[in-house]
Amino acid sequence: MTSVSHKPGVLYVVATPIGNLSDASPRALETLKSVDLVACEDTRTTRTLLGRHGIATRTVALHEHNERRASAGLVEALRAGKSVALVSDAGTPALSDPGAWLVREAHRAGIRVSPLPGPSAAAAAISVSGFAAPQFLFAGFLPATRAARRKALQALDLPWPVVFYEAPHRIAETLGDLAERFGATRELTICRELTKKFEEVARLPLGAAAGWLGERAERGQGEFVLVLEPGQERETRDVDADAVLGVLLETMGPSEAARLAAKITGVPKNQLYRKTLKS
């Protein structure tokens, strides 16, 4: 008896709206309708989007607590010829959201991975910040504890815009820490509830940020994206590469920490990466 071989399926990485459901692209919706499975951060959130467009595709949970376990089953499904769409609750998967492990495992299994680009809170915030620069740093969420957050900020005084995500229950503390670290005159663009009904975008000096937040009680709610104005160019010799690397290693993996430290300090990435292996 001969075994039946299957052509592997495709893993589609699908960007979904960050607030306004009308931002879903026709191609994204067609893909979500045609695949066998939708792997999503929260099935309830994704079903709201699917239900609006009459899509009945089966959903499976893939979140930070089950990502490795769930990914194994999804890779097997892909190997068997099924197609899978990966989505997060909002925006582009694997950017401060689950999904990177599944994508890595799909690549390792020789499965085709195809992106469906679209909404991204970081890109949207940069576009309305008004800070002109040839590049920006996406720092994601800062550490939750104040001591760790302040330490992380020490490595982020850079000559290009820095984008942060922040939760409503930490926004006031984070604005205070930013003002303390970078000074009252450094500017910040605060994006609150992007694309949603109560969207607000304000560019102002850090010294005025706390006052802006406190002007209206509802400003303490919702999702925030912050864009910090670029700092001044600094000579590489003035930057302690080991110190920068040490700070970055507290919030990210060795490869990413070495890449970013190399960008900040000018020290070769391979040299810095070797230091991470010895630490």
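Further up the page is the structure itself.
Residues numbered from 1 in each chain as written. Predicted model: local features only at pLDDT ≥ 70, side-chain atom pairs only at ≥ 80, totals over all residues. Heavy atoms only, no water.

### Comments concerning unusual backbone geometry
Step number 1: The backbone phi angle of Ala94 is positive, close to 75°, even though this residue is not glycine.
Step number 2: Tracing the backbone through its elements, the reader meets Ala94 in the loop between strand E4 (84–87) and helix H4 (100–108).
Step number 3: On the basis of relative accessible area, Ala94 is assigned to the partly exposed category, the value being 32%.
Step number 4: Located in the positive-phi region is Thr195, a residue other than glycine, with phi close to 70°.
Step number 5: Within the element layout of this structure, Thr195 appears in the loop between strand E8 (187–192) and strand E9 (200–205).
Step number 6: For Thr195, a relative accessible area of 24% gives the class partly exposed. (Helix = DSSP H or I, 4+ residues; strand = E, 2+ residues; numbered from the N terminus. Buried < 20%, exposed > 50% of the residue type's maximum accessible area, 1.4 Å probe, protein only.)

### Some thoughts on the sheet that holds E9
Step number 1: Taken together, five strands build an open sheet; the order of strands is E6-E7-E10-E8-E9 and the sheet is mixed. Pairing within the sheet leaves two strands with one partner each, and these edge strands are strand E6 (137–141) and E9. Across the sheet, the axes of successive neighbouring strands diverge by a mean angle of 20°, strand direction being ignored.
Step number 2: Both E8 and strand E10 (residues 224–228) contribute to a ladder of five bridges, which runs antiparallel. The residue of E10 that forms the bridge with Thr189 is Val227. (Pairing = 2+ DSSP bridges. Axes fitted to C-alpha atoms, helices over the stretch in contact; angles between N-to-C directions.)

### Remarks on helix H8 (residues 206–214)
Step number 1: Listing the buried residues of H8 in full gives Leu206, Ala209, Trp212 and Leu213. Buried residues of H8, seen end-on, are gathered within an arc of 95° and therefore sit on one face of the element. Turned more than 90 degrees off the buried face of H8, the exposed positions are Gly207, Ala210 and Gly214. (Arc of directions from axis to C-beta.)

### Concerning the pairing of strand E3 (residues 58–61)
Moving residue by residue along a regular strand, the side chains alternate between the two faces of the sheet.
Step number 1: Relative to E3, strand E2 (residues 37–40) runs parallel, the two being bridged by four bridges. Its bridge partner lying in E3, Cys40 is registered against Ala61.

### Focus: the packing of aromatic side chains
The description of two aromatic rings rests on the distance between their centres and on the angle between their planes.
Step number 1: In this structure the tally under the stated criterion is two aromatic pairs.
Step number 2: With a centroid separation of 5.6 Å and an interplanar angle of 70°, the aromatic rings of Phe141 and Tyr165 are classed as edge-to-face. Here the residue Phe141 occupies a position in strand E6, and Tyr165 occupies one in strand E7 (residues 162–166), the gap between them amounting to 24 residues.
Step number 3: Judged by relative accessible area, Tyr165 falls into the buried class, the value being 11%.
Step number 4: Among the aromatic residues, those joined into a cluster by ring pairs are Phe138, Phe141 and Tyr165.
Step number 5: Sitting over the face of the ring of Trp101, Arg68 holds its NZ or CZ atom 3.8 Å from the ring centroid. (Phe/Tyr/Trp six-rings, centres within 6.5 Å; stacked < 30°, edge-to-face > 60°. Lys NZ or Arg CZ within 6 Å of the ring centre and 35° of its normal.)

### Examining the side chain of Asp157
Step number 1: Inspection of the secondary structure puts Asp157 in the loop between helix H6 (146–153) and E7.
Step number 2: One polar contact links Asp157 to Arg186, side chain to side chain, over a distance of 3.1 Å. (Polar contact = N/O pair within 3.5 Å; in protein donor to acceptor, adjacent residues only side chain to side chain.)

### Brief notes about helix H9 (residues 241–248)
Step number 1: Taken residue by residue, H9 has Ala241, Val244, Leu245, Val247 and Leu248 as its buried positions. The buried residues of H9 all sit within an arc of 160° when viewed along its axis, so they share a single face.
Step number 2: Buried-residue contacts for H9 involve H6, helix H10 (254–265) and helix H11 (269–278). (Contact = heavy atoms within 4.5 Å.)

### Section: the pattern of salt bridges
A side chain with one charge may pair with a side chain of the opposite charge, provided their charged atoms come close.
Step number 1: A full pass over the atoms with the stated rule returns 18 salt bridges.
Step number 2: The salt bridge partner of Arg149 is Asp177, with a shortest N-O separation of 2.8 Å. Of the two residues, Arg149 sits in helix H6 while Asp177 sits in helix H7 (residues 171–182), which places them 28 residues apart along the sequence.
Step number 3: Given the relative accessible area of 0%, Arg149 is considered buried.
Step number 4: For Asp157, the salt bridge is made with Arg186, and the minimal N-O distance between the two is 3.1 Å. Taken together, the positions of Asp157 in the loop between H6 and E7 and Arg186 in the loop between H7 and E8 put the pair 29 residues apart, joining distant regions of the chain. No difference in accessibility class separates Asp157 from Arg186, as the two residues are buried.
Step number 5: Salt bridges here are not isolated pairs; linked through shared partners, they connect Arg146, Arg149, Arg150, Glu173, Asp177 and Glu180. (Salt bridge = Lys/Arg side-chain N within 4 Å of Asp/Glu carboxyl O.)

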